[in-house]
Every structure is written in structure tokens, then in C-alpha cells.
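What follows is the residue order along each chain.
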Amino acid sequence: MLIALGEVLTAAAAFYSDLGQALDPHTAKRLQYLVEHQLGVLWSDLTPMRNDLADRH
């Protein structure tokens, strides 16, 4: 799910970077920041939980 979210946010960032309004580059950079930095935090927090549940099954 996080991989797909990263792909959607990356696509949205690319879309915003081509729109041409004043705030669009900022929005594109913010979306890319979320992909590059915040999803990694979620990934590292959720991976041990996923592995623990997989081991229980």
C-alpha cells in the first residue's frame, strides 16, 4: 500500500510541476518531500509490525 501511495504522490508532484501557477512548484516539492522522507518513516514503523504478524501466522 505504501509503494502505491508513493507512486500516486510522485505522479501528483509531476502533475503539479507542469501546471504553471505560482504555488504549483511549492506543492510539487512538498509532495515529493512526503514521498522521500515521510513515507520512509511510516515504512520503518510498519515493517516490524508486519513481520511480527507474518511470523504469527
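Being a predicted model, the structure only gives us computed values, none of them experimental.

1. Structural notes on the overall build of the protein chain
A tally of helices and strands in the protein chain yields two helices and zero strands. In terms of C-alpha radius of gyration, the protein chain reaches 15 Å, well past the compact-globule figure of 10 Å for 57 residues. Overall, the protein chain is about 50 × 15 × 10 Å in size when its C-alpha atoms are taken along their principal axes. Here the protein chain holds 57 residues, and 18% of them are scored as buried. On the protein chain, roughly 4,600 Å² of surface is accessible, and the fraction owed to carbon and sulfur atoms is 63%. Put simply, the protein chain has 4 plus and 7 minus side-chain charges, and the middle of one group is 5 Å from the middle of the other.

2. Side note on the pattern of salt bridges
All told, the structure shown has one salt bridge when counted by the stated rule. One salt bridge connects Asp52 with Arg56, and the closest N-O pair in it is separated by 2.9 Å. With a gap of four residues between them, Asp52 and Arg56 both fall in helix 2 (residues 24-56), about one helical turn apart. On the basis of relative accessibility, which here comes to 36%, the residue Asp52 falls in the partly exposed class.

3. A few points about a nonpolar patch on the surface
On the surface, a cluster of nonpolar side chains totalling about 290 Å² of accessible area is made up of Phe15, Tyr16 and Leu19. Along the chain, Phe15 turns up in helix 1 (residues 2-17). The exposure class of Phe15 is exposed, given its relative accessible area of 54%.

4. Regarding helix 2
Look at helix 2: 46 Å from first C-alpha to last across 33 residues, which is about the 48 Å you get at 1.5 Å a residue. Of all bends in helix 2, the biggest is about 35°, found at Val35. Check the buried side of helix 2 and you find it contacts helix 1.

Rules used throughout
Residue indices begin from 1 for each chain and proceed along its sequence in written order. Local features in this predicted model are restricted to residues whose pLDDT is 70 or higher, and side-chain atom pairs enter the listing and the counts only when it is 80 or higher, whereas totals over whole chains, interfaces and linings include all residues. In computing side-chain properties, one takes all heavy atoms of the structure into account and sets aside hydrogens as well as water. Only DSSP runs of H or I reaching four residues or more are called helices, and only runs of E reaching two or more are called strands; each is numbered from the N terminus. Only the C-alpha atoms count toward the radius of gyration. The rule for a globule is 2.2 Å times the residue count to the power 0.38. Each residue gets one of three labels from its accessible area relative to the maximum for its type: buried under 20%, exposed over 50%, partly exposed in between, using a 1.4 Å probe on protein chains only. Accessible surface is estimated by sampling points in the Shrake-Rupley manner with a 1.4 Å probe; for residues, cover comes only from the protein chains shown. Think of it this way: Lys and Arg go in the positive column, Asp and Glu in the negative one, and His and the chain ends go nowhere. Lysine's charge is taken at NZ, arginine's at CZ, aspartate's at CG and glutamate's at CD. A carboxyl oxygen of Asp or Glu within 4 Å of a side-chain nitrogen of Lys or Arg is what we treat as a salt bridge. Distance thresholds for patches are 9 Å for like charges and 5 Å for nonpolar side chains (Val, Leu, Ile, Met, Phe, Trp, Tyr), applied to residues having over 30% relative accessible area and no salt bridge. Take the number of residues in a helix, subtract one, and multiply by 1.5 Å to get its expected span. We define the bend at any residue as the angle between the axes fitted to the seven residues before and including it, ending there, and the seven starting there. Contact definition: two residues touch when any of their heavy atoms are within 4.5 Å.

Function cannot be inferred from these measures alone, as they are strictly geometric.
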